[in-house]
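Take a look at the letters that make up each chain.
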Amino acid sequence: MDTGAIIEVDGARPGFDASRCVHADIETASCRACVDSCPRSAWRLDDAALELDTGCCDGCGLCVPACPRQAIQMPLVPACRPLAGTHAMLAACERVFGDGLDAAEEGHVPCLHAIGLSDLLRAYRSGSPVWLVSHADCAACPRGQGESLFSRVAHLNTALRQRGQPTIVVREVSPTAWTGVLEARGEQGPHARRDFFRALARRPAAALLRDAPLAEEDNRSAGEYLPDGDDALMPWVVSLDASRCVGCHACARVCPEAAIRFDAADSAYRLRHRACSGCALCLDVCEYRAITLQSWAEPKQSALALTSRRCRSCGVTFHSPLTREAPAEQCWICAGSQPARRLYQVMN
């Protein structure tokens, strides 16, 4: 499949790194995250190519957090202001101020829901746990019909509480109050602080924005930014069913993040839930349906022990789950009904 040329990031349209797209790894990948997240159907996927119609794209950025492998980039312009010993991030969606909004100004973003988990966690680890936002009516906006930033923050705070960590504080403020905080430029006088907290107390909790100035961009999965706590909630959790697994190693070979890794020394599959991006390539290649992916779940499995055996049909040494009640006598190729086709799969 042709995933298209790299589109330059111009601040108004998303950039696309074709080398990171799952369709560049497997043409038959089931991922449609960018297509499904776009309210204007600007992303188009068929058997021939994945393409972005730049004439149709309005630069909302919703495809950025939707992409599991961060193949899509679009810089946001957050504002950061000191606040009571910490830092507050500020953002306002482009529809708050109507035609008077300059999208290039600090703190102005096309859509608050374009803020992803990695963005929130980068800001959190950089010392910015407070988010101040101002936005228009999301229910009346076609951009607000998918997964919301507020939902992401709620899941993330549950995971932080499990780890005994402070949560992200999110507050919604009026456009006037938001502009006032932005223009304060970090002024910490007693009256400014009093008025600021009065403004916050009158508003319910909500959420906000991206961390480009606070941390260098990288391509780590969101789970790798979470504090320690491998038995607590993770953005993605992968499980292997020993009763279905045949030890073909297809999942370990295809996983771009090494979230599933074959440990030859210990003869086992090692599961790194933190690294899992939820791209589902492992599901696409496992024809035995031995893999399960869950979002925001607690890991129950860290490894699947394997045993080495010699195939009674072809004599080749193969691996199969150690916990199987009836150990396999044949390798997965010989045991299959279409050995020629499966051999091609192994070689490719």
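Residues numbered from 1 in each chain as written. Predicted model: local features only at pLDDT ≥ 70, side-chain atom pairs only at ≥ 80, totals over all residues. Heavy atoms only, no water.

Chemist: Could you clarify how one ought to interpret the overall build of the protein chain in this entry?
Modeler: Along the backbone of the protein chain there are eleven helices and 15 strands. When burial is assessed residue by residue, the protein chain has 48% of its 348 residues classed as buried. Once local pairs closer than 6 in sequence are excluded, the contacts in the protein chain between residues at least 24 apart make up 70%. When the accessible area of the protein chain is evaluated, it comes to approximately 16,800 Å², of which 49% is carbon and sulfur surface. (Helix = DSSP H or I, 4+ residues; strand = E, 2+ residues; numbered from the N terminus. Buried < 20%, exposed > 50% of the residue type's maximum accessible area, 1.4 Å probe, protein only. Contact = heavy atoms within 4.5 Å. Areas by Shrake-Rupley, 256 points an atom, 1.4 Å probe, with all protein chains shown as cover.)

Chemist: Would you take a moment to explain the environment of Ala305 for this structure?
Modeler: Mapped onto the elements of the fold, Ala305 is located in strand β14 (residues 303-310). Other than its neighbours up to four places away in sequence, Ala305 contacts Ser267, Ala268, Ser320, Pro321 and Leu322.

Chemist: Can you help me understand unusual backbone geometry in this one?
Modeler: One can expect most non-glycine residues to show negative phi and most peptide bonds to be in trans. Even without being a glycine, Ser41 presents a positive backbone phi close to 55 degrees. Its relative accessible area of 47% is what places Ser41 among the partly exposed residues. We note that Trp296 has phi near 50 degrees; this positive angle belongs to a residue other than glycine. Mapped onto the elements, Trp296 comes out in strand β13 (residues 291-297).

Chemist: I'm lost on the packing of aromatic side chains in this one. Help?
Modeler: In this description, a pair of aromatic rings is defined by centroid distance and the angle of the planes. Counting across every chain of the model gives two aromatic pairs. Judged by centre distance (5.4 Å) and plane angle (70 degrees), the ring pair of Phe16 and Trp43 falls under edge-to-face. Taken as a pair, Phe16 in strand β1 (residues 15-16) and Trp43 in strand β2 (residues 43-45) lie far apart in primary sequence, 27 residues in all. We note that Phe16, like Trp43, is buried. Plain terms: the ring middles of Phe262 and Tyr269 are 6.0 Å apart, the flat faces sit at 65 degrees to each other, and that makes the pair edge-to-face. Assessed through its relative accessible area of 1%, Tyr269 is described here as buried. (Phe/Tyr/Trp six-rings, centres within 6.5 Å; stacked < 30°, edge-to-face > 60°.)

Chemist: Help me out: how do you make sense of the pattern of salt bridges in this one?
Modeler: Side chains that carry opposite charge are capable of pairing whenever their charged atoms lie near each other. Going through the model one piece at a time under the given rule, you end up with 14 salt bridges. Among the salt bridges present, the one from Arg69 reaches Glu257, with a minimum N-O distance of 2.8 Å. A residue pair is termed long-range when its members are at least 10 positions apart, and Arg69 in the loop between α3 (63-66) and β4 (72-73) and Glu257 in the loop between α8 (250-254) and β11 (260-263) qualify at 188 residues. On the accessibility criterion, Arg69 (8% relative accessible area) is buried. Between Arg270 and Asp263 there is a salt bridge whose closest N-O contact spans 3.4 Å. Note on Asp263: relative accessible area 14%, which makes it buried. Connected via shared salt-bridge partners are Asp58, Glu94 and Arg143. (Salt bridge = Lys/Arg side-chain N within 4 Å of Asp/Glu carboxyl O.)

Chemist: Looking at this structure, I do not really get the sheet that holds β14. What am I missing?
Modeler: The strands that make up a sheet are held in pairs by hydrogen bonds between backbone atoms, and each pair lies either parallel or antiparallel. In spatial order, the strands read β11-β12-β14-β15; together these four strands make up an open sheet with antiparallel pairing. The strands lining the two open edges of the sheet, one partner per strand, are β11 and β15 (317-321). Looking at each pair of strands side by side, their axes are set apart by 30 degrees on average, direction ignored. (Pairing = 2+ DSSP bridges. Axes fitted to C-alpha atoms, helices over the stretch in contact; angles between N-to-C directions.)

Chemist: I'm lost on the packing of helix α4 (residues 117-125) against helix α5 (residues 149-162) in this one. Help?
Modeler: Two quantities define a packed helix pair, namely the angle between the axes and the distance from one axis to the other. The geometry of α4 relative to α5 is characterised by a closest axis approach of 10 Å and an angle of 50 degrees between their N-to-C directions. When the axis of α4 is compared with that of α5, the two are oblique. Here α4 and α5 pass one another in a crossing that is right-handed. Residues Leu117, Leu120, Leu121 and Tyr124 of α4 form the contact with α5, whose own contacting residues are Leu149, Arg152, Val153, Leu156 and Leu160. Class assignment of the residues belonging to the contact of α4 with α5 gives a composition of eight nonpolar, no polar and one charged. (Parallel < 35°, antiparallel > 145°, perpendicular 65-115°, else oblique. Left-handed = near helix turned anticlockwise from the far one by under 90°. Nonpolar A, V, L, I, M, F, W, Y, C, P; charged D, E, K, R; others polar.)

Chemist: Teacher, can you tell me more about α4 here?
Modeler: Three or four residues apart is the spacing at which side chains of an α-helix point the same way, because the helix has 3.6 residues per turn. α4 sits mainly inside the fold: eight of its nine residues count as buried. Residues Leu117, Ser118, Asp119, Leu120, Leu121, Arg122, Ala123 and Tyr124 constitute the buried set of α4. Those residues of α4 that are buried lie in contact with β6 (86-93), β8 (130-134), α5, β10 (234-240) and β13. The positive-phi residue at the C-terminal boundary of α4 is Gly127, with phi of around 90 degrees.

Chemist: What exactly am I supposed to notice about the state of the cysteines here?
Modeler: Note on terminology: disulfide describes a covalent bond linking the sulfur atoms of two cysteines. Using the criterion set out here, one finds zero disulfides in the structure. Not engaged in a disulfide, the cysteine Cys93 finds its nearest cysteine sulfur in Cys138; these two sulfurs lie 6.6 Å apart. (Disulfide = S-S within 2.5 Å.)

Chemist: I tried to follow the layout of surface pockets on my own but got confused; where do I start?
Modeler: To locate leftover empty space, one rolls a probe as large as a water molecule over the atoms. The volume enclosed by the largest pocket comes to roughly 1,000 Å³. Surrounding the largest pocket, 48 residues form its lining, Val64, Pro65, Ala66, Cys67 and Pro68 being those nearest its centre. Going through the elements one at a time, α2 (33-37), α3, β4, α4, α5, β10 and β13 are the ones with two or more residues in the lining of the largest pocket. No other element matches the four residues that α4 contributes to the lining of the largest pocket. Grouping the amino acids of the lining of the largest pocket by side-chain chemistry returns 24 nonpolar, 15 polar and nine charged. (1 Å grid on protein atoms, 1.4 Å probe; cavity = no way out; pocket = protein on both sides within 12 Å on 5 of 7 lines; lining within 4 Å. Points joined across faces, edges and corners; volume = space filled by probe spheres on them.)

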